[in-house]
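Here is what each chain is made of, one letter per residue.
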Amino acid sequence: MAVGVKVVNRPGSLGQQAYLPAIAEGLGVTFRHFVKNFFGNVTGQRKKTDIATIEYPEEKKAYPERNRGLHRLMLRDDGQVRCVACMMCPTVCPAHCITIVPEEAPDGRIEKRPMIFEIDELRCVVCGLCVEACPCDAIRMDTLDHAKPTYRRGDAILDKEELMSRGVRSTAVQGGVGAFWREQVAGQPQTPASGEVVPAGAPHGPTPLRDHGHK
Amino acid sequence: MEYGSLGFQALAATIKIVFMILGFLMPLASILTWMERRESAMMQDRLGPNRANIGPFKLWGITHFMADAVKFLFKEDFIPPKAHKFLFMWAPIMAMAPALIVAAIIPFGAPLCWGEMTEKVGLGGACANPVNLQIAQLDVGLLFYFAISSLAVYGATLAGWASHNKWAMMGGLRATSQMMSYEVTMGMAVLGSFLVYGSLEPGAIADQQTNIINFGHFHSSWGIFLQPLGFILFLTAAIAETKRTPFDIPEGEPEIIGYFVEYSGLRFGMFFLGEFLEIVVSSAIMITIFFGGWHMGATVDGFLAHVPNIWIFPKSLLFSLLTLIVWSIKVFVFCGFQLMIRWSLPRFRSDQLMRLGWQRLLPISICNVVATALVVLAVQAW
Amino acid sequence: MTTTPITTTPTPPSSSTEMVTVTIDGKTQQFPKGTVLLEACNQMGAGVPFFCYHPGLTSPAVCRQCLVDVKGQPKPVPSCYTPVADKMEVMTKSPRALDVRRQMLEFTLVNHPIDCPICDKAGECLLQKHYFDWDAKLARNDGIKIKKAKVVDIGPRIVLDQERCILCTRCIRVCDEVAKTHQLEMADRGDHEILTTAPGHKLDNPYSLNTVDVCPVGALTSKDFRFEMRVWELYTTPSICPGCATGCNIEVHHSRGKIQRLVPRQNDQVNEHWMCDEGRLTYKRVHAERLAAPMSGGAPVDWDEALDDAGRVLRAALDAGSAGVGVVMNAQSTNEDLYALARLTFDHLGLGKAYLAGLDQGWSDDILVSADKNPNTAGAMAIGAGRLRTLLDLANDLKSGALHTLLVVGTHGVIGKDGAAGALPLDRLTTLVVIGTHRDEVSAAAKVALPLCEWAESDGTFTNRLGMVQRVRAAVPPAGDSLPGWEILSHLARKLGATMEFTEAKTVFAEAKQKLPFMKDAEWGRPLLPVQLRFAGSRG
Amino acid sequence: MDTTDGPLVPPQHRRVVLGFKDAEDLEAPDLPTESLPLNMGPSHPAMHGTVRMVLEVEGEKISSADIQIGYLHRCFEKESESATWTQVFPYTDRLNYISPMLNNVGYALAVEKLMGIADDIPERALFIRVIVGEVSRIADHLTCLGAGAMELGAFTVFLYALKAREWLFELLEEVCGARLTSTYLRIGGVHFDLPPEFGPKLLDILARTRIVMSDIGKLLERNRIFRDRMDGIGIITKEDALAYGITGPVGRSTGLAYDVRKDHPYLVYDRFDFDVPVGSVGDNFDRYAVRVEEVNQSMRILEQALATIPAGPFMINNPRVALPPKSETYNSIEAMIAHFKIIMDGIHVPPGEVYSYTEAGNGELGFYIVSDGSGRPWKCRVRPPCLPAVAVLTKVLPGLFIADVVPTFGMMNMIGGECDR
């Protein structure tokens, strides 16, 4: 297609030389905004104004579904942490903010679990690569919340219990369930089983399947 | 106390000074600091500061100026080690005081008819014993304004020099040249009005503008219609004198930060407040010369003059209060207008500012004076 | 890395053997007759995958992963089992060869558990490598995988996961051919076939951890290393095992300043592909009970003060009579440390009483393990050149009062394992200066104790029992304030009025190489930065 | 024009605007002035992105300028050498932190070019890259225009521009999960598909942005004060632009019609109708006007792209590059192995070197990448588009006023993260 070259316009006129017309035009713009916003604000119809800011703590903008926020660790059906300390996330983390010390789980079924799982939210660059790298649907950043400010640096290091406290039971079908998992994945409920406690606003269900759109 | 005695005059002047400074200038300037932020916010599609409150009383954050004051009070008062201590401390006072002083000549309401308060209203000052709502009725009038307000330049200059900082120094120099230059235009701009009204005294000038616009008695119209060019010139020069955008060259935040770069705490607060005081005062002067002072045209004035005596308030007092309110609203609107200009325009460059002042505004204002003089001469001759 | 044999060496394949001409993927090359086809292919860069083949073991050709097309053969042949023949034409990447290999891989993966997240082998797993290099297709089935036993304790050092086992039998052959014991076996048939211990046996031979190394997947894992670290995060530094006089070539795998494990490095003249279990655990002492700061009079001081004190007391002792001053060398020290000490002792101070300490003799076999548990006895003896006396002499000299001052460099084995405290009456000394690695009785008794680097913390060379001078490399940062021996001795020499201008281990080595005949052919080698395993290519 | 001006002012900096002579002509040339060294920055309101200018001034006039960069050096290039190819994406976000998507695009294209998989990227991914890239370009220009105006005192314009930028950022957040540090692209495609309702939302935002642009135009374009500050200030000649290697809006303002999207089309830019705006004078106003026009052209591209974006996959169908779908990873050993291999060893990029260049917000963003085949970049060198523009300031600034530094520097749009890396 055509890519043209266009010489930009340099508007100029006698009126411009006289300062006032353009100044009046500019004042008109700001006055229009002022009137619209002022009366909209006074009459309490902020929706109709152009005002772009919000009163933050009382009024919060909803983060979009894909927002990368505070980490959380997902849980198994029995409430244990889903993470098996495979170290994919510390490996892929460009900020080296995840510390995991694995241990042998007494439960022979899982074998391995994190003894220590810490995320330094001050170091975290919120790139989301850890979520992408997790092969167990254990770590997620979909809390739709952000890291809270702290008085001390140490307080920004979230430990396993804190990360798990935000977690919910993941319903993702995962290795070991074995047979015919493709059918299970296809028919997987996108909402949690009834009676399950889900924190308000927290999304649930499996990580959106990244199928790249390939049929 | 007998009307006209020294004691009476002293008491009246004291009451008027206290009212003017504590009851009007300071509160309005303080509120302007909030209003500037709120108004600019509304212009800029923001909410602006609306959170300062006293307990549950939020009032759109109007008490923000108090929060500001508290902040200024408790901030560290830093004086650079190599600064000239005395001048460094003196400069903010020099910046703020002139604005308060020149307020003395501004008429802010209809005169009280002393002795006949229940019978007459001071419309046009037609009383036996009028008490003018004007602190000082000086014959030099507006010359006093020019004389005192030109002192404000010392504040900026001294601040810039005493701070021992290259940027502050530049700001001080810029302020000096700018304020000196624009005073000339400012004086020239109102010269036409002096010719038209034949007086330098603000009260007298205001009292002549009894009509908003009257084509029959055109000379009794508001000054804006008699001296439109003069008004624009005066407005421009007045904004330049207050050192606000588009004339904020001495500050120029992204360029040189300005003469008060080293100031903090209450001293900075004085510069800050001084700037708003200047806005209020220059608005009041403009109202007086070009917008009829406390007059709101013959119709409104006449309507207001029909106030009855209510309870213990005599009709003269009530009328003065009403005109005071009219005047206040005018000043307030003008302040708002100045804020709006400040938030709409970019800033000049120092040499462009100089060129505008000397090459454009000054010749135009001289032409205005000459033309006005010719017209006045022609009218008088005719 | 140098391996300079002085005594007998196995004869390398001489170039006079008969050569055959083989064409592999269109390229023709000559190989010695008898070369395994798989080796020939991979020398040509074909990268033929394999599971069961191991260059140090016999070849059973059970995994069928190395199938290649040979012109004239009706079916693809297992290249690990086929010797090269003259005029052979091999196609390693023919569609048929690729296809059968991929099918074999798919079979292998059908029942493989989805264990990568918890499998210690992930990162150096041959199955991962070959699947990703040669297949990388998504699974075609989602059926039930056969369940087998997961955490099977089959020996004191090994855990078996039968699900992960791909039945390559490498481990069985390691036991049979290297350790010469038959402790592992296959049992059952078909997809229920499992690896298990031979009846009545445990996997407890002294070479059992080699089975973990050779296991292409994570079926056999080391209890010591289990779940400690992911292998791809480890850094590797080549070095020499300090466990005995054999001097097995090893790689030190370490991370964040801590050694995680030792694995053998191939050296056909010393240890081939193997090392003993005992040697693998020698790293533990690097991180245990270390003397971290210089001590003077029992209190930690900084280096300057400690060296001043050490110099002062030694000077005083020398002035009091240098005949009563003795030096204890250690067979655990590197040649460089020993050389520097010898220079100080014999050349500068002219002392006559030098003793050689070292760990006690232990068990041995005729495979790899030597009875001499010190890595550098040969070097120490050569450097001592007949001037060194034994610990028994030391004990006698102490008892007789012939010594009033002792400088000990390296405390390993100074007080023997079974030696009672009275066997070496250090309390007879007026002055004891110790340069030592650990907090033990000897350093505790010292007037001045200076922290010394362990073998994995300093550069140097060891001379093994064959007289080969082999390079040891610093893998981890020194514990605490410890310094290499030659450096401490240089400082100490200066305090005693002597000059030893050593600035780095290499200069000590260079001087020693000129002075000492046994080191004349030794080479220092290139400087190496530790490489992280994830970027070093899969070990496999 | 008279000849009394001193040697400090080269002829090209003199100007005549409708008969009014510039200030230097009015000054007495012989008055001796002591020159004053003045440190502007690195901490100074106009020095966004922390740069230091050591100015020699005579009065308010600059006689020499020394621009010192490096105050925001964060070792991007060295850091990349110890990260896998995918891990570099978060670092590129922080180059030009106003338009991280464009950096992502530049880096991804470089790696794909080196891997030789550039032709395998699905169409939809290419379109998505164009779309997020152009959205970022608009955001970048809005920031530059707004900040430039703010530094001239027109704060309102700044907030209007930022309001519009915020809409765009919020839209990008819906796409990738973050306003700024997007990490959205992957080698071989993009991380997510566009969210549902993306197209209508974007069109709505574009319509509102047009209103904002018109407001900004009304406030600035014909305003004599603004024009006086911009017209004829900081003129860069076409020759200088070529000599310094200036590209992007700054280069185009000199009349150099070079745009990588036009001259070396990448992604699917050759399928769209758009104009490359160029200036005629090479002064600050031309740079302003070129950016304004580029916003319009980006909107044109976006509308065309939204209309023609095909359905289909958004990630390359190459199991050695793309992570397998999560459901496969969770449940099959094959995908699990691929997942592990890609993450622990990194994507395998064959040994070689490549220079790949794209049109970022400030011009030609080049990535010179060397791979030794080990799974991470052996060298990852960035050609920052704003560096030449900053370099030319040394030549442009002398003769100008201190106050002119602000719009001139602002219109160069130095972004510290990109310039210093």
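Along each chain, numbering runs from 1 in the same order as the chain's sequence is written. Note on labels: chains are lettered from A, ligands numbered from 1, in written order. The predicted nature of this model means local features are confined to residues of pLDDT at least 70 and side-chain atom pairs, given and counted, to a pLDDT of 80 or more, with totals for whole chains, interfaces and linings taken over all residues. Note that the side-chain values use all heavy atoms of the structure and ignore hydrogens as well as water.

Trainee: Talk me through the sheet that holds strand β5 (residues 61–68) of chain D; I want residue IDs and the actual numbers.
Mentor: Working definition: the strands of a sheet are paired by backbone hydrogen bonds and lie parallel or antiparallel to each other. Residue and element names in this part refer to chain D. Pairing between strands is defined by DSSP: at least two bridges between them are needed. What counts as a helix is a DSSP run of H or I of at least four residues, what counts as a strand is a run of E of at least two, and both are numbered from the N terminus. Taking strand neighbours across the sheet as the criterion, the 3 strands line up as β3-β4-β5 in an open arrangement whose pairing is antiparallel. Looking along the sheet, the strands with just one partner apiece sit at the ends: β3 (36–40) and β5. On average, each strand axis in the sheet is tilted by 20° relative to the strand beside it, whichever way the strands run. Examined bridge by bridge, strand β4 (residues 52–58) and β5 share 7 bridges and lie antiparallel to one another. Among the inter-strand pairings, glutamate 56 is bridged to a residue of β5, identified as serine 64. Lines fitted to C-alpha atoms define the axes, with helix axes restricted to the stretch in contact, and inter-axis angles between N-to-C directions lie between 0 and 180 degrees.

Trainee: Give me the arrangement of the chains: which residues, what numbers.
Mentor: Contacts are most numerous between chains A and D, taken over all 5 pairs of chains that touch. By definition in these notes, contact holds between two residues if any of their heavy atoms fall within 4.5 Å. The least C-alpha distance between chain B and chain C, which are not in contact, is 42 Å.

Trainee: Which residues make up the environment of proline 122 of chain D, and what are the values?
Mentor: Residues and elements named next belong to chain D. Structurally, proline 122 is set in the loop between α4 (100–115) and α5 (123–151). For the pair proline 122 and threonine 156, spaced 34 residues apart in sequence, the C-alpha to C-alpha distance is 43 Å. If near-sequence neighbours (up to four positions away) are discounted, proline 122 is found in contact with Gly188, Pro313, Phe314, Met315 and Ile316.

Trainee: Got a sec to walk through a negative patch on the surface? Specific residues and values, please.
Mentor: Residue and element names in this part refer to chain C. A surface patch of like charges, here negative, comprises Asp302, Asp304, Glu305 and Asp481. Position of aspartate 302 among the secondary structure elements: in the loop between β15 (299–300) and α7 (303–321). Categorising residues by exposure relies on relative accessible area from a 1.4 Å probe, with only protein chains included: less than 20% of the type maximum marks a residue as buried, more than 50% marks it as exposed, and the intermediate range marks it as partly exposed. With a relative accessible area of 47%, aspartate 302 lands in the partly exposed category. In this scheme, patches are assembled from residues that exceed 30% relative accessible area and form no salt bridge. Like charges are connected within 9 Å, while nonpolar side chains (Val, Leu, Ile, Met, Phe, Trp, Tyr) are connected within 5 Å. Note that accessible areas follow from Shrake-Rupley with a 1.4 Å probe, and for residues the cover is restricted to the protein chains shown. Criterion for a salt bridge: a side-chain nitrogen of Lys or Arg within 4 Å of a carboxyl oxygen of Asp or Glu. By the counting scheme adopted, Arg and Lys are positive, Glu and Asp are negative, and His together with the chain ends is not counted. In plain terms, the charge of a residue is placed at NZ if it is Lys, CZ if Arg, CG if Asp and CD if Glu.

Trainee: Quick rundown of the interface of chain C and chain D? Include the residues and the values.
Mentor: Every contact between the two is made by 27 residues of chain C and, on the other side, 26 residues of chain D. Two parts placed together each lose some accessible area under a 1.4 Å probe, and the buried area is that loss summed for both. By the criterion of area lost to chain D, the three top residues of chain C are Ile114, Phe132 and Phe535 of chain C, representing 33% of everything that side buries. Joining chain C to chain D, the criterion identifies 0 salt bridges. The term polar contact refers here to a pair of N or O atoms within 3.5 Å; inside protein, the definition further demands a hydrogen-donor-capable atom paired with an acceptor-capable atom, and it admits residues adjacent in sequence only when both atoms are side-chain atoms. There are 4 residue pairs in polar contact (both at pLDDT 80 or more) connecting chain C and chain D. The biggest single contributor to the side of chain C that touches chain D is helix α3 (residues 126–134) of chain C, with 7 residues. Polar here means any residue other than Ala, Val, Leu, Ile, Met, Phe, Trp, Tyr, Cys and Pro, which are nonpolar, and Asp, Glu, Lys and Arg, which are charged; Gly is therefore polar. Classifying every residue of the side of chain C that touches chain D gives 15 nonpolar, 4 polar and 8 charged.

Trainee: Any chance you could break down the pairing of strand β2 (residues 27–32) of chain C for me, citing the residues and the numbers?
Mentor: Residues and elements named next belong to chain C. Across 6 bridges, the pairing between strand β1 (residues 19–24) and β2 is antiparallel. Paired with valine 20 across the two strands is phenylalanine 31, which belongs to β2. Between β1 and β2, which pair antiparallel in sequence order, lie 2 residues; one of them, aspartate 25, sits at a positive phi of approximately 50°.

Trainee: I'd like a description of the interface of chain D and chain A, backed by residues and values.
Mentor: Of the residues lining the interface, 80 residues belong to chain D; the matching set on chain A comes to 63 residues. Between chain D and chain A, the buried area comes to about 6,200 Å², and carbon and sulfur atoms account for 57% of it. Glutamate 132 of chain A is paired through a salt bridge with arginine 186 of chain D; the nearest N and O atoms lie 2.8 Å apart. Run the count over chain D and chain A and you get 25 residue pairs in polar contact (both at pLDDT 80 or more). The set of elements that each furnish at least two residues to the side of chain D that touches chain A consists of α3 (88–93), α6 (155–176), α7 (198–220), α8 (224–230), β8 (274–278), α12 (284–308), α13 (326–331) and α14 (333–344) of chain D. Ranked by residues supplied to the side of chain D that touches chain A, first place goes to α6 of chain D with 8 residues. Taken together, the residues of the side of chain D that touches chain A sort by class into 35 nonpolar, 20 polar and 25 charged. Summarising the sheet, strand β1 (residues 3–7) of chain A and β8 of chain D pair through 5 bridges and their orientation is parallel.

Trainee: Lay out helix α13 (residues 505–515) of chain C in plain terms, naming residues and giving numbers.
Mentor: All names here are of chain C. Listed as buried for α13 are Ala505, Val508, Phe509, Glu511 and Ala512. Across the axial projection of α13, the buried residues extend over an arc of 165°, all falling on one side. Against the buried residues of α13 lie α8 (335–348), β22 (460–463) and α12 (485–495). This arc is built from the directions going out from the helix axis to the C-beta atoms.

Trainee: An account of empty space enclosed by the protein is needed here, citing residue identities and associated values.
Mentor: Using a 1 Å grid laid over the protein atoms alone, points where a 1.4 Å probe fits but cannot get out form a cavity; open sets with protein on both sides within 12 Å along at least 5 of 7 lines form a pocket; any residue with an atom within 4 Å of a point counts as lining. Grid points are joined across faces, edges and corners, and a volume is the space filled by probe spheres set on the points. By the definition in use, this model includes 15 cavities of 30 Å³ or more. In this structure, the largest cavity encloses a volume near 230 Å³. What lines the largest cavity is a set of 19 residues, among which Val212, Asp213, Ser222, Phe225 and Arg261 of chain C lie closest to the centre. Contributions of two or more residues to the lining of the largest cavity are made by α5 (209–214), β10 (220–222) and β13 (258–264) of chain C. The wall of the second largest cavity is formed by 16 residues, among which Glu132 of chain A together with Thr86, Arg186, Leu323 and Ile342 of chain D lie closest to the centre. When residues of the lining of the second largest cavity are assigned to their parent elements, the largest contribution, 3 residues, is made by helix α4 (residues 129–133) of chain A. Its residues assigned to classes, the lining of the second largest cavity comprises 10 nonpolar, 3 polar and 3 charged.

Trainee: Please give an account of the packing of aromatic side chains that cites residues and values.
Mentor: Side-chain rings of Phe, Tyr and Trp (the six-membered ring for Trp) are treated as a pair once their centres are within 6.5 Å; stacked means planes under 30 degrees apart, edge-to-face means over 60, and tilted covers the remaining angles. According to the stated counting rule, one finds 43 aromatic pairs over all chains in the structure shown. For the ring pair phenylalanine 234 of chain B and phenylalanine 290 of chain B, a centre distance of 6.0 Å and an interplane angle of 50° mean the geometry is tilted. Of the two residues, phenylalanine 234 of chain B is situated in helix α9 (residues 228–242) and phenylalanine 290 of chain B in helix α10 (residues 265–290); the sequence distance between them amounts to 56 residues. Plain terms: the ring middles of phenylalanine 89 of chain D and tyrosine 107 of chain D are 5.0 Å apart, the flat faces sit at 85° to each other, and that makes the pair edge-to-face. Here phenylalanine 89 of chain D, found in helix α3, pairs with tyrosine 107 of chain D, found in helix α4; they are 18 residues apart in sequence, far enough to count as distant. Residue phenylalanine 89 of chain D shares its accessibility class with tyrosine 107 of chain D, and that shared class is buried. Put simply, the rings of Phe72, Phe88, Tyr259, Phe260, Tyr263, Phe268, Phe271, Phe272 and Phe276 of chain B pair up and form one aromatic cluster. Each ring is checked for a lysine NZ or an arginine CZ that lies within 6 Å of its centre and within 35 degrees of its normal; such an atom marks a charge sitting over the ring. In this structure, arginine 387 of chain C packs its charged tip against the face of phenylalanine 346 of chain C, placed 3.8 Å from the ring centre. The ring centre of phenylalanine 285 of chain D lies 4.0 Å from the NZ or CZ of arginine 227 of chain D, which sits over that ring.

Trainee: Account for the nonpolar core, with residues named and values stated.
Mentor: Among the nonpolar cores identified, the biggest contains 176 residues, and Phe117 of chain A together with Tyr184, Tyr288, Phe367 and Ile369 of chain D are the most heavily contacted of them. With 13 residues, the single largest contributor to this core is α5 of chain D. The split into domains, and so the bounds of each, comes from an automatic or database assignment of domains. Each of domain 1 (19–108) and domain 2 (116–287) of chain C contributes no fewer than three residues to this core. Counting residues in each nonpolar core, the second largest holds 90 residues, with Val190, Met286, Leu304 and Leu353 of chain B among its members. Working definition of a nonpolar core: buried Ala, Val, Leu, Ile, Met, Phe, Trp, Tyr and Cys residues. They are joined through side-chain atoms within 4.5 Å.

Trainee: Can you explain the pairing of strand β9 (residues 352–360) of chain D? Please cite residues and give values.
Mentor: Here β9 of chain D runs beside strand β10 (residues 363–371) of chain D; their pairing, made up of 9 bridges, is antiparallel. Note that in β10 of chain D the partner of tyrosine 357 of chain D across the bridge is glycine 366 of chain D.

Trainee: Mind laying out the layout of surface pockets, listing which residues take part and the relevant values?
Mentor: Computed from the structure, the largest pocket encloses a volume of approximately 1,400 Å³. Around the largest pocket, the lining is made up of 41 residues, and of these Ala52, Ile54 and Lys61 of chain A together with Trp167 and Glu170 of chain D lie nearest the centre. Elements that contribute at least two residues to the lining of the largest pocket include exactly α2 (20–42) of chain A together with α6 and α7 of chain D. Broken down by element, the residue count for the lining of the largest pocket peaks at 9 residues, all from α6 of chain D. Its residues assigned to classes, the lining of the largest pocket comprises 15 nonpolar, 5 polar and 21 charged.

Trainee: Could you give me a rundown of the confidence of the model for chain D, with the residues and numbers involved?
Mentor: What pLDDT expresses is the predictor's confidence in each residue, scored from 0 to 100. In the predicted model, chain D carries a mean pLDDT of 85, and 92% of its residues have values of at least 70. Predicted confidence for residues 1–21 of chain D stays below pLDDT 50, and this span has 35 contacts to residues more than four positions away or in other chains.

Trainee: Pulling in residues and values, what's your account of helix α3 (residues 85–102) of chain B?
Mentor: Residue and element names in this part refer to chain B. The terminal C-alpha atoms of α3 lie 28 Å apart, and with 18 residues this matches the ideal 26 Å at 1.5 Å per residue to within 8%. The angle between axes fitted to the seven-residue stretch ending at a residue and the seven-residue stretch beginning at it gives the bend at that residue. Of all the bends in α3, the greatest reaches close to 25° and is centred on alanine 91; the proline proline 92 follows between one and four positions later. Every buried residue of α3 is accounted for by Leu87, Phe88, Ala91, Pro92, Met94, Ala95, Met96, Pro98, Ala99, Leu100 and Val102. Close packing links the buried residues of α3 with α1 (6–43), α4 (142–149), α5 (152–162) and α10. How far a helix is expected to stretch is found by multiplying one less than its residue total by 1.5 Å.

Trainee: Could you give me a rundown of unusual backbone geometry, with the residues and numbers involved?
Mentor: What is expected of a backbone is that most residues other than glycine have negative phi and most peptide bonds are trans. Residue and element names in this part refer to chain C. Even without being glycine, aspartate 188 reaches a positive phi, approximately 65°. Looking at the element boundaries, aspartate 188 is found in the loop between β8 (184–187) and β9 (194–197). The class of aspartate 188 is partly exposed, set by a relative accessible area of 45%. At glutamate 289, a residue that is not glycine, the phi angle is positive and equals roughly 55°.

Trainee: Mind laying out the sheet that holds strand β6 (residues 152–153) of chain C, listing which residues take part and the relevant values?
Mentor: Residue and element names in this part refer to chain C. The 3 strands are arranged β6-β7-β10 in an open sheet whose pairing can be described as antiparallel. Strands at the two margins of the open sheet, each flanked by one partner only, are β6 and β10. The pairing of strand β7 (residues 158–160) with β10 spans 3 bridges and is classified as antiparallel. In the strand pairing of β10, leucine 160 is matched with leucine 220.

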